[in-house]
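Here's the letter readout for the chains.
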Amino acid sequence: MTKETAHYQAGTKPRRILLLGGTGDSRELAEHLASRDDVEVISSLAGRTEQPASLPGGLRVGGFGGVTALADYLTREGIDLVVDATHPYAARISANAAAACRDSGTPRLHLARPPWRATAGDRWIHVADTKAAAEALPGLAERVFLAVGRGELDAFAGLPGIWFLVRTVDSPREKLPLERYEVVLGRGPFEVNGERALFALHGIQALVTKNSGGEATYAKIAVARELGLPVIMIDRPPHEAEETVGTVEEALRWIEGRL
Ligand code: NAP
């Protein structure tokens, strides 16, 4: 008997859902699920943000310690369903979750917003990773909006001729590994007017970004298009073929089908 049918037949306990988070969609999903009596949602965050906005439902913070430890956690905590709503570039936790769910027989859904697609007027330069993004910059621009995570700035360290605008959620505690830069603090969603003003204030000539998808962080892409600026688009890492949906509504339907 699978975990699913065992709990269904018992008919009393709320179903326990582990929500691997760190995204706006995972927050939205937690908000929907926390209001229900028939499920108990536990959000899991890596712990990268110092003061994450408060989340409804249960919360655990920090890595699990790899595939086996995550599989043990799922069994020990009696997790019935896993929704991997981590960022599309958080490839390690997604691969770990896929393996741990397979090992423990736990149904898993991957919630990933569809990537943005270039439209008329966009000047996107597709690259596979941050290293390739850094290699594409010399000769292209001298003032660059670097909209990648703080953990990925090392790739841009060897570019002393380029000034970077770096946006972070928390104020960096240490000097960033860049020669010339300025930090602007901000947490999405971002509006077009604000992004337009930011580009103008700093004389931005190019944007480096991941293809996060969704609306919350799209404004910078629209502004780059409006200004005719090149965008170094770091394409998404591959994900294991799996059950994937693109919206919170679809994820709720998938969960509903298993309650
Ligand atoms: P990653 O490279 O895929 O994961 C590195 C390790 O961090 C994992 O092996 C795992 O540690 C731990 N981890 C990651 N996400 C976790 C979660 N939700 N709950 C518990 N442990 C987690 O991840 P990342 O790219 O550093 O991203 C970390 C977090 O930031 C994720 O929650 C992601 O959704 C969010 N985020 C990432 C990006 C991005 O561009 N990568 C952007 C926005 C938000 P163990 O192996 O010890 O379990």
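Because the structure is predicted, anything quoted here is derived from the model rather than measured. (Residues numbered from 1 in each chain as written. Predicted model: local features only at pLDDT ≥ 70, side-chain atom pairs only at ≥ 80, totals over all residues. Heavy atoms only, no water.)

### Quick look at the packing of helix α6 (residues 192-202) against helix α7 (residues 219-227)
Put simply, the test is: Throughout, an axis means a line fitted to C-alpha atoms (over the contacting stretch in the case of helices), and angles, computed between N-to-C directions, take values from 0 to 180 degrees. Put simply, DSSP H or I for four residues or longer makes a helix, DSSP E for two residues or longer makes a strand, and each gets a number counted from the N terminus. For classification, angles of less than 35 degrees are called roughly parallel, those exceeding 145 degrees roughly antiparallel, those between 65 and 115 degrees roughly perpendicular, and all remaining angles oblique. Crossing handedness: left-handed means the near helix sits turned counterclockwise from the far one by under a right angle, and right-handed means the same turn made clockwise. Pairs of residues are marked as contacts when any of their non-hydrogen atoms sit within 4.5 Å.
Axis separation between α6 and α7 bottoms out at 9 Å; the angle between their running directions is 55°. One finds that α6 runs oblique with respect to α7. In this structure, α6 meets α7 at a crossing whose hand is right-handed. Packed against α6, whose contacting residues are V192, E195, R196 and F199, the element α7 presents A219, K220, A222, V223, A224, E226 and L227 at the interface.

### Considering the side chain of R167
Our working definition: Using a 1.4 Å probe on the protein chains alone, a residue whose accessible area is under 20% of its type maximum counts as buried, one over 50% counts as exposed, and one in between counts as partly exposed. For the purposes of these results, a polar contact is taken to be a pair of N or O atoms within 3.5 Å, where, inside protein, one atom must be able to donate a hydrogen and its partner to accept one; residues adjacent in sequence count only when each atom of the pair is a side-chain atom.
On the secondary structure map, R167 appears in strand β8 (residues 163-168). Take R167: its relative accessible area is 13%, and that puts it in the buried class. Of note is the side chain of R167, whose polar atom sits 2.8 Å from the side chain of E195. The contacts of R167, once residues within four sequence positions are left out, are F145, L146, V184, G186, F190, E195, L198 and K220.

### A look at the pattern of salt bridges
Inclusion rule: Any carboxyl oxygen of Asp or Glu that lies within 4 Å of a side-chain nitrogen of Lys or Arg is treated as forming a salt bridge with it.
Under the definition given, this model contains 13 salt bridges. Here R16 and E40 are joined by a salt bridge, their closest N and O atoms 3.0 Å apart. Of the two residues, R16 sits in strand β1 (residues 15-20) while E40 sits in strand β2 (residues 39-45), which places them 24 residues apart along the sequence. The class of R16 is buried, set by a relative accessible area of 18%. By relative accessible area, E40 is classed as partly exposed at 33%. Taken together, the shared-partner salt bridges in this structure form one network comprising R16, E40 and E77.

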